[in-house]
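These are the residues of each chain, in order.
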Amino acid sequence: MNEDPAIVGYMGGAITVGFLAVGLYFLKFWRRTRDTLFLAFAAGFALLALNQAVPVVFGIPDENLSGVYLLRLAGFLLIIWAILRKNMGGRGRR
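Think of each chain on its own: its residues are numbered from 1, step by step along the sequence as written. Side-chain atom pairs in this predicted model are given and counted only at pLDDT of 80 or more, local residue features only at pLDDT of at least 70, and totals for whole chains, interfaces and linings cover all residues. Excluded from the side-chain calculations are hydrogens and water; all other atoms, namely the structure's heavy atoms, are used.

## Looking at helix 2 (residues 36-58)
Only DSSP runs of H or I with at least four residues qualify as helices, and only runs of E with at least two residues qualify as strands; both kinds are numbered from the N terminus onward. To estimate the expected span of a helix, subtract one from its residue number and multiply by 1.5 Å. For helix 2, which comprises 23 residues, the first-to-last C-alpha distance of 32 Å matches the rise-based estimate of 33 Å (1.5 Å per residue) to within 8%. Turning to helix 2, its buried residues number three or more, namely Thr36, Leu37, Ala40, Phe41, Ala42, Gly44, Phe45, Leu48, Ala49, Asn51, Val54 and Pro55. Summarising the contacts, the buried residues of helix 2 are in contact with helix 1 (5-33) and helix 3 (69-87). Positioned one or two residues after helix 2, glycine 59 has a phi angle of 65°, which is positive. Throughout, exposure labels follow a simple rule: accessible area from a 1.4 Å probe, protein chains only, divided by the maximum for the residue type, with under 20% read as buried, over 50% as exposed, and the rest as partly exposed. Only heavy atoms enter the contact rule, under which two residues are in contact if any of them lie within 4.5 Å.

## Examining unusual backbone geometry
Phi is positive for arginine 34, which is not a glycine, with a value near 60°. With respect to the helices, strands and loops of the structure, arginine 34 is situated in the loop between helix 1 and helix 2. Of the residues examined, arginine 34 reaches a relative accessible area of 42% and is grouped as partly exposed.

## A few points about the pattern of salt bridges
One side-chain nitrogen of Lys or Arg within 4 Å of one carboxyl oxygen of Asp or Glu is enough to make a salt bridge. Per the counting criterion, the structure on display carries one salt bridge. Between aspartate 35 and lysine 86 there is a salt bridge whose closest N-O contact spans 2.7 Å. Of the two residues, aspartate 35 sits in the loop between helix 1 and helix 2 while lysine 86 sits in helix 3, which places them 51 residues apart along the sequence.

Given below as structure tokens:
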């Protein structure tokens, strides 16, 4: 299946901006509350934004062949860790 590189770049950029907007939203709540859950979510969404941007910027046709997916894995693991830490009685504040 041939995909138009312009459409792939446009969609990758749109998704990247969406992830960054969500990350900034969580960063705003972290600045207000200093709850590390929000900071971890902001960092996780920043990693997800990088995961979307890197293949487009470097022209990687298939992220499964490059290891870029490890950014997505790190982002999700960070979010899961923060949720578990918060729910398991972690202080959540620093």
